[in-house]
Amino acid sequence: MEKDIFCKIIDGEIPCHKIYEDDDVLAFLDISQVTKGHTLVVSKKHHENFLTTPQEEMHKVMDVAQKIGQVSVKLLGANGVNILTNCYPASGQTVMHFHVHVIPRYEGSEGFILEMKNNSEGLNLPAIAKKIKEQL
Ligand code: AMP
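The following paragraphs examine the structure supplied in this document. (Residues numbered from 1 in each chain as written. Predicted model: local features only at pLDDT ≥ 70, side-chain atom pairs only at ≥ 80, totals over all residues. Heavy atoms only, no water.)

## Remarks on the site of the ligand
Put simply, the rule reads: What makes a residue near a molecule or strand is one non-hydrogen atom of that residue sitting within 4 Å of it. Pairs of N or O atoms are called polar contacts if they sit within 3.5 Å, as long as, within protein, a hydrogen donor faces a hydrogen acceptor (for residues adjacent in sequence, only side-chain-to-side-chain pairs). In this description, accessible areas are obtained by the Shrake-Rupley approach with a 1.4 Å probe, and a residue is regarded as covered only by the protein chains that are shown. Segments assigned H or I by DSSP are reported as helices when at least four residues long, segments assigned E as strands when at least two residues long, and all are numbered from the N terminus. Polarity classes work like this: nonpolar for Ala, Val, Leu, Ile, Met, Phe, Trp, Tyr, Cys and Pro, charged for Asp, Glu, Lys and Arg, and polar for all others, with Gly in that last group.
In the vicinity of the ligand there are 16 residues, among which D30, N86, G92, T94 and H101 approach most closely. Between the ligand and the protein, one listed contact pairs an oxygen atom with a side-chain N or O atom of D30 at 2.5 Å. Protein coverage of the free-state accessible area of the ligand, which is 510 Å², stands at 84%. Counting residues per element, the ones that place at least two in the shell around the ligand are helix 1 (5–10), strand 2 (25–29) and strand 5 (99–105). Broken down by element, the residue count for the shell around the ligand peaks at three residues, all from helix 1. For the shell around the ligand, the per-class residue count stands at eight nonpolar, seven polar and one charged.

## Section: the side chain of E57
Where we set the bar: Working definition: with a 1.4 Å probe on protein chains only, accessible area under 20% of the residue-type maximum means buried, over 50% means exposed, and in between means partly exposed. When checking whether two residues touch, look at their non-hydrogen atoms; a contact exists if any pair is within 4.5 Å.
Locating E57 in the fold gives a position in helix 2 (residues 55–75). Classification of E57 by relative accessible area gives buried; the value is 15%. A distance of 2.7 Å separates the side chain of E57 from the side chain of H47, its partner in a polar contact. For E57, the contacting residues outside a window of four places in its chain are K45 and H47.

## Things to note about the nonpolar core
How we decide: In plain words, nonpolar cores are sets of buried Ala, Val, Leu, Ile, Met, Phe, Trp, Tyr and Cys residues tied together by side-chain atoms within 4.5 Å.
Counting 21 residues, the largest nonpolar core has I19, L29, V41, I68 and I132 as the members making the most contacts within it. Those elements that place two or more of their residues in this core are strand 2, helix 2, strand 5 and helix 3 (125–134). Each residue touching V41, except ones within four places of it in the same chain, is listed here: V25, L26, A27, V61, V64, A65, I68, F98, H99, V100 and V102. In terms of nonpolar packing, the next biggest core, distinct from the first, is built from eight residues, F6, L26, F28 and V42 among them.

## Side note on the packing of aromatic side chains
Counted only if it meets this: Here a Phe, Tyr or Trp ring, Trp counted by its six-membered ring, pairs with any other such ring whose centre lies within 6.5 Å, and the pair is stacked when the planes are under 30 degrees apart, edge-to-face when over 60, and tilted otherwise.
As enumerated under the stated definition, the model contains two aromatic pairs in all. Between F6 and F28 the ring centres are 5.6 Å apart and the planes differ by 75 degrees, which places this aromatic pair in the edge-to-face class. In this pair, F6 sits in helix 1 while F28 sits in strand 2, placing the two residues 22 residues apart along the sequence. Its relative accessible area of 3% is what places F28 among the buried residues. With 6.1 Å between their ring centres and 50 degrees between their planes, F50 and F98 make a pair best called tilted. Here F98 lies in the loop between strand 4 (80–84) and strand 5 and F50 lies in the loop between strand 3 (39–43) and helix 2, a separation of 48 residues in the sequence. You can call F98 buried: its relative accessible area is 0%.

## Concerning the sheet that holds strand 2
Heads up, the rule is: DSSP bridges decide pairing: two strands pair if at least two such bridges lie between them. Lines fitted to the C-alpha atoms define the axes, with helices restricted to the stretch that makes contact. Angles between their N-to-C directions range from 0 to 180 degrees.
With respect to topology, five strands assemble into an open sheet ordered 1-2-3-5-4, the strand pairing being antiparallel. Taken across any chain shown, the strands that pair with only one partner, and hence form the sheet edges, are strand 1 (18–21) and strand 4. Here the average twist between neighbouring strands, direction ignored, is 15 degrees. Against the sheet, helix 3 engages strand 1, strand 2 and strand 3, with an angle of about 35 degrees to strand 1.

## What to know about the pattern of salt bridges
Short version of the rule: Any carboxyl oxygen of Asp or Glu within 4 Å of a side-chain nitrogen of Lys or Arg constitutes a salt bridge here.
What the rule picks out here adds up to nine salt bridges. The partner of E21 in a salt bridge is K18, and the shortest N-O contact between them spans 2.6 Å. In this structure E21 comes out as partly exposed when scored by relative accessible area, which is 37%. Its relative accessible area of 36% is what places K18 among the partly exposed residues. The salt bridge partner of K45 is E57, with a shortest N-O separation of 3.7 Å. Taken together, the positions of K45 in the loop between strand 3 and helix 2 and E57 in helix 2 put the pair 12 residues apart, joining distant regions of the chain. With relative accessibility at 53%, the residue K45 sits in the exposed group. Residues joined by salt bridges that share partners form a network here, namely K3, D11 and E13.

In structure tokens, the structure reads:
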């Protein structure tokens, strides 16, 4: 079976702007920044999505997502954060490997409905990744 893109990132075959890593979890900036600091928290073992991930591994991913959300509010000046995870294509899941989006929200973009638009232009991803990483 062909590896998905997150398995390739985990195995070091594709680069990423890494924020956090331990034996079970990897976190890195989403290549398509919906907002500044948009991060993906990924289980290292391959599971299709949140619903199919064993509870213990799912909890480890959520612990890291919580920490990164806290840092986003404290450090990046976000006014809020969306923590979301898509399950199956009908929900918008495009990478079939369990991951949680941590999406900092800033003044002027309030509200639950979030357009998953690429707003990466002009953002310095290595600098953002370094800033978050240093606080974890
Ligand atoms: P989802 O639609 O919930 O499956 O989200 C998948 C996310 O993976 C999207 O937001 C993509 O921008 C992101 N993505 C895809 N390829 C990469 C990559 N090479 N590095 C970082 N993020 C990626």
